[in-house]
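Analysis of the macromolecular model
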Amino acid sequence: MVNSSMYALGAARSCIRELFEYGLRQQAVVGRENVFDYSLGNPSIPAPPAVNDSIVDIVRTEDTLQVHGYTPATGYPGVRQAVADDLNRRFDAHIRPENLFFCCGAAPGLISVIRALAVENAQILAIAPYFPEYKPFVEANGCRFRAVPADTAHFQIDFAALEAMLNPQVQAIIVNSPNNPSGTVYTAQTLKKLGVLLEKKGLEYGHPIYLIADEPYRELVYGGVTVPFIPNLYANTIVCYSWSKSLSLPGERIGYVCVPDQVQDSQEVFAAVAGAARVCGHVCPPSLLQRVIAQCVQYPPDLAAYDKNRTLLYTELTRMGYSMAKPDGAFYLFIKAPNGDGDKFSQLAKQENLLLVPGRDFGCPEYFRICYCVDHDMIIRSLPLFQKLIAQCQ
Ligand code: PLP
């Protein structure tokens, strides 16, 4: 006998993975150059050379036992210090090394925070469109998941919808900016307004409503757009960060949870995050990678290739008549299906070997997602198919 919820989660096929694997099979049938795969968010720019240099240097010069040994559960003190210094330098934040809990990327960080906040009858809200994994993360860790409908005009936050969903059981709201899947960046104005609302409601309910800022795309922004550091705008913000995208290291599993001092009951929250990580076995993120981060935290990603793809797709698809959120960050475009149905449109596209992810699992069934960390030439070759598909819907 097995746990039926875990069985259902493990046996279900992720739509994104299924598309990706379909693409691999189709490549064998129609040729690699005839499959246009926009499904998976795997970085397509390599990690900065400094990362590989640092790995080689550490392995060659440091004590092998230590390099591959267990580390303190919260992360090496020197690494926490380097990251705190970097945050303070860039955002005028007041982060101490003790506010940082190192973990294996944003996903386990999110799970630890959710579990830490899972009091009886707790609800956790996410703003649509949202990363599909939030739902199982929340539901499998003792909270009820509720999605706040999308502001489809600008992909910021529909405050009327959010306010209508707030109640004393709401423990936290997950926000993700730059956003997967819309590529939008929440403005300082949006975040300040959110902070004011949560402050007011927290006072009314007699407990804080925590903001969980999921930030794996923090450094992936274009055209001079800035990403506000949310703890500077709302005190009860807990940040989940990852270097999966910013340093193109998704397979190396390294990130942190930041619980700043100004978070209400910050020490209890931090301890509960550590406890949750402990029972999930999410302790001791890779020792080698922690050392690499201490040396490379200041390196910004070279976004030229993503920006080139973004500009081409945004320009060409809007010219054809597709409508989408302005993609200021991450590496996604979230596009309204010209026939009004993301599932059906993706099916149509699949027949042309154009692999687009339907928006249903992101909480917006009328949309589809394009992930543009792909070969630029593939984009150029795929454009006639987008033209053909929109023509079929008119
Ligand atoms: N949050 C969002 C919005 C993501 O898009 C992803 C990965 O694609 C994650 C979290 C998980 O990232 P990590 O690789 O750091 O676990």
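Structure: above.
So, here is what we can say about the structure in this document. Just so you know, these numbers come straight off a predicted model, no measurement behind them.

Conventions we followed
- Residues numbered from 1 in each chain as written.
- Predicted model: local features only at pLDDT ≥ 70, side-chain atom pairs only at ≥ 80, totals over all residues.
- Heavy atoms only, no water.
- Near = heavy atom within 4 Å.
- Polar contact = N/O pair within 3.5 Å; in protein donor to acceptor, adjacent residues only side chain to side chain.
- Areas by Shrake-Rupley, 256 points an atom, 1.4 Å probe, with all protein chains shown as cover.
- Pairing = 2+ DSSP bridges.
- Helix = DSSP H or I, 4+ residues; strand = E, 2+ residues; numbered from the N terminus.
- Axes fitted to C-alpha atoms, helices over the stretch in contact; angles between N-to-C directions.
- Contact = heavy atoms within 4.5 Å.
- Expected span 1.5 Å × (residues − 1).
- Bend = angle between axes of the 7 residues up to and from the residue.
- Buried < 20%, exposed > 50% of the residue type's maximum accessible area, 1.4 Å probe, protein only.
- Phe/Tyr/Trp six-rings, centres within 6.5 Å; stacked < 30°, edge-to-face > 60°.

Attention now goes to the site of the ligand. In the vicinity of the ligand lie 14 residues, with Ala 106, Asp 214, Tyr 217, Ser 242 and Arg 253 positioned nearest. The side chain of Asp 214 places a nitrogen or oxygen atom 2.6 Å from a nitrogen atom of the ligand. The contact in question runs from an oxygen atom of the ligand to an N or O atom on the side chain of Ser 244, over 2.8 Å. For the ligand, whose unbound accessible area comes to 390 Å², protein coverage reaches 90%.

This part covers the sheet that holds strand β5 (residues 170-176). Judged by pairing direction, the sheet is mixed, and its seven strands sit side by side in the order β2-β8-β7-β6-β5-β3-β4 without closing on themselves. Either end of the sheet is taken by a strand with one partner, and the two such strands are β2 (100-103) and β4 (144-148). Going from strand to strand, the sheet's axes swing by 20 degrees on average, the running direction of each strand aside. Sheet strands in contact with helix α6 (residues 106-116) are β2, β3 (123-127), β5, β6 (210-214), β7 (237-242) and β8 (255-258), and its direction is about 155 degrees off that of β7.

Quick look at helix α14 (residues 376-393) now. When the terminal C-alpha atoms of α14 are compared, their 26 Å separation across 18 residues agrees well with the 26 Å that a helix rising 1.5 Å per residue should span. Of all the bends in α14, the largest measures some 35 degrees and sits at Ser 382, one to four residues before the proline Pro 384. Those residues of α14 that fall on the buried side of the exposure criterion are Met 378, Ile 379, Ser 382, Leu 383, Leu 385, Phe 386, Leu 389 and Ile 390. Where α14 is buried, its residues contact β1 (36-37), α12 (304-320), α13 (342-351), β11 (354-355) and β13 (367-371).

This paragraph deals with the pairing of β7. Here β7 lies mainly inside the structure; six of its six residues are buried. A two-sided burial pattern is seen for β7, the buried positions comprising Thr 237, Val 239 and Tyr 241 on one face and Ile 238, Cys 240 and Ser 242 on the other. As defined by bridge partners, β6 adjoins β7 across four bridges and the pair is classed as parallel. What sits directly across from Ile 212, in β7, is Ile 238. Pairing of β7 with β8, which is carried by four bridges, proceeds in the antiparallel orientation. Within β8, the residue paired with Val 239 across the bridge is Cys 258.

So, about the packing of aromatic side chains. A full pass over the atoms with the stated rule returns 22 aromatic pairs. Relative to Phe 362, the ring of Phe 334 has its centre 5.9 Å away and its plane inclined at 75 degrees; by these criteria the two rings are edge-to-face. You can see Phe 334 sitting in strand β10 (residues 332-336) and its partner Phe 362 sitting in the loop between β12 (357-358) and β13, a full 28 residues away along the chain. Residues Phe 334 and Phe 362 agree in their burial class; the two are buried.

Once that is clear, we can look at the sheet that holds β13. Reading across the sheet, the four strands line up as β9-β10-β13-β12 and stay open at both edges, with antiparallel pairing between neighbours. Of all the strands in the sheet, just β9 (323-324) and β12 have a single pairing partner and so form its edges. The sheet contact formed by β12 and β13 spans two bridges and is antiparallel. When the bridges of β13 are listed, Val 357 appears paired with Arg 369.

Shape is all these values report; function is a separate question.
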